[in-house]
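So you can see what is in the structure, the chains are spelled out below.
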Amino acid sequence: MNQRVLFLCTGNSCRSQMAEGWLKALGGHDFEVYSAGIEAHGKNPRALAVMQEAGVDITRQESEILDPGLFHQLDLLVTVCGHADTFCPELPVTCKKEHWPFDDPAQADGTEAEVMAEFRRVRDQIRVRIEGFVNQA
């Protein structure tokens, strides 16, 4: 049976979307992967672009609000930002929770090149974390 993993972020627009894409790309058929937000802000075009640069297409993923009814179907919920970690509803004992904090690239300032560099940096950090997770699973 596949491990069911949900990545939770504030708006389900950047970090959780990238994490979902990486685990789908790197985890093969060993995982059922979802992402959601405390709110749904829509997908960030820069997140789509940097993932596409890395060869991972996340355009078909949806930006969705967390459905607590899904908790009973999950094996692991991973919060990828402090806000989501703080405001995550209580989970059933059958669902493990981990916190993997990543900087929010959508908060980056500077030129377009500097902002895109921040998106790439966070994308690569998420990939490294996902690779480690897949290797331990």
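Anyway, here's the lowdown on the structure attached to this text.

Calculation notes
- Residues numbered from 1 in each chain as written.
- Predicted model: local features only at pLDDT ≥ 70, side-chain atom pairs only at ≥ 80, totals over all residues.
- Heavy atoms only, no water.
- Helix = DSSP H or I, 4+ residues; strand = E, 2+ residues; numbered from the N terminus.
- Buried < 20%, exposed > 50% of the residue type's maximum accessible area, 1.4 Å probe, protein only.
- Polar contact = N/O pair within 3.5 Å; in protein donor to acceptor, adjacent residues only side chain to side chain.
- Contact = heavy atoms within 4.5 Å.
- Core = buried A, V, L, I, M, F, W, Y, C linked by side-chain atoms within 4.5 Å.
- Salt bridge = Lys/Arg side-chain N within 4 Å of Asp/Glu carboxyl O.
- Disulfide = S-S within 2.5 Å.
- Pairing = 2+ DSSP bridges.
- Axes fitted to C-alpha atoms, helices over the stretch in contact; angles between N-to-C directions.

Observations regarding the side chain of Glu-20
Turning to step 1, where the next piece is worked out: Counting through the fold element by element, Glu-20 comes out in helix α1 (residues 15-26).
Turning to step 2, where the next piece is worked out: You can call Glu-20 buried: its relative accessible area is 6%.
Turning to step 3, where the next piece is worked out: In this structure the side chain of Glu-20 is engaged in a polar contact, spanning 2.5 Å, whose partner is the side chain of Ser-35.
Turning to step 4, where the next piece is worked out: Polar side-chain contacts of Glu-20 include one of 3.3 Å to the side chain of Gln-61.
Turning to step 5, where the next piece is worked out: Sequence-distant contacts of Glu-20, defined by excluding residues within four places in its chain, comprise Phe-7, Val-33, Tyr-34, Ser-35 and Gln-61.

Thoughts on the nonpolar core
Turning to step 1, where the next piece is worked out: In this structure, Phe-7 and Leu-77 are the most contacted members of the largest nonpolar core, which totals 40 residues.
Turning to step 2, where the next piece is worked out: Among the secondary structure elements, those contributing two or more residues to this core are β1 (3-9), α1, β2 (31-37), α2 (45-53), β3 (76-79) and α4 (112-136).
Turning to step 3, where the next piece is worked out: The leading source of residues in this core is α4, at 7 residues.
Turning to step 4, where the next piece is worked out: Non-local contacts of Leu-77, meaning those with residues more than four positions away in its chain, are made with Leu-6, Leu-8, Phe-71, Cys-88, Leu-91, Cys-95, Lys-96, Lys-97 and Glu-98.

Observations regarding the pattern of salt bridges
Note that side chains of opposite charge can pair when their charged atoms are close.
Turning to step 1, where the next piece is worked out: This model, assessed by the stated rule, comprises 13 salt bridges.
Turning to step 2, where the next piece is worked out: Across the salt bridge formed by Arg-120 and Glu-53, the nearest N and O atoms sit 2.8 Å from each other. With Arg-120 in helix α4 and Glu-53 in helix α2, this residue pair connects regions lying 67 residues apart in the sequence.
Turning to step 3, where the next piece is worked out: Its relative accessible area of 28% is what places Arg-120 among the partly exposed residues.
Turning to step 4, where the next piece is worked out: For Glu-53, a relative accessible area of 47% gives the class partly exposed.
Turning to step 5, where the next piece is worked out: The partner of Lys-96 in a salt bridge is Glu-98, with the nearest N and O atoms 3.0 Å apart.
Turning to step 6, where the next piece is worked out: Judged by relative accessible area, Glu-98 falls into the partly exposed class, the value being 21%.
Turning to step 7, where the next piece is worked out: Linked by salt bridges that have partners in common, Glu-53, Arg-120, Arg-123 and Asp-124 make up one network.

Comments concerning the state of the cysteines
Every disulfide links exactly two cysteines, by a covalent bond between their sulfur atoms.
Turning to step 1, where the next piece is worked out: All chains considered together, the criterion is met by 0 disulfides.
Turning to step 2, where the next piece is worked out: No disulfide involves Cys-9; its nearest neighbouring cysteine sulfur is the one of Cys-81, lying 3.7 Å away.
Turning to step 3, where the next piece is worked out: When its relative accessible area of 3% is taken as the criterion, Cys-9 is described as buried.

With respect to the sheet that holds β1
Turning to step 1, where the next piece is worked out: Sheet architecture is open: 4 strands sit in the order β2-β1-β3-β4, paired in parallel fashion. Only two strands of the sheet have a single partner each, and these edge strands are β2 and β4 (96-99). Looking at each pair of strands side by side, their axes are set apart by 20 degrees on average, direction ignored.
Turning to step 2, where the next piece is worked out: Pairing geometry for β1 and β3, over 4 bridges, is parallel. Residue pairing across strands places Leu-6 opposite Leu-77, the latter belonging to β3.
Turning to step 3, where the next piece is worked out: Here α1 sits on the sheet in contact with β1 and β2, set at roughly 175 degrees to β2.
Turning to step 4, where the next piece is worked out: In the packing of α4 onto the sheet, contacts are made with β1, β2, β3 and β4, and the angle to β1 comes to roughly 160 degrees.

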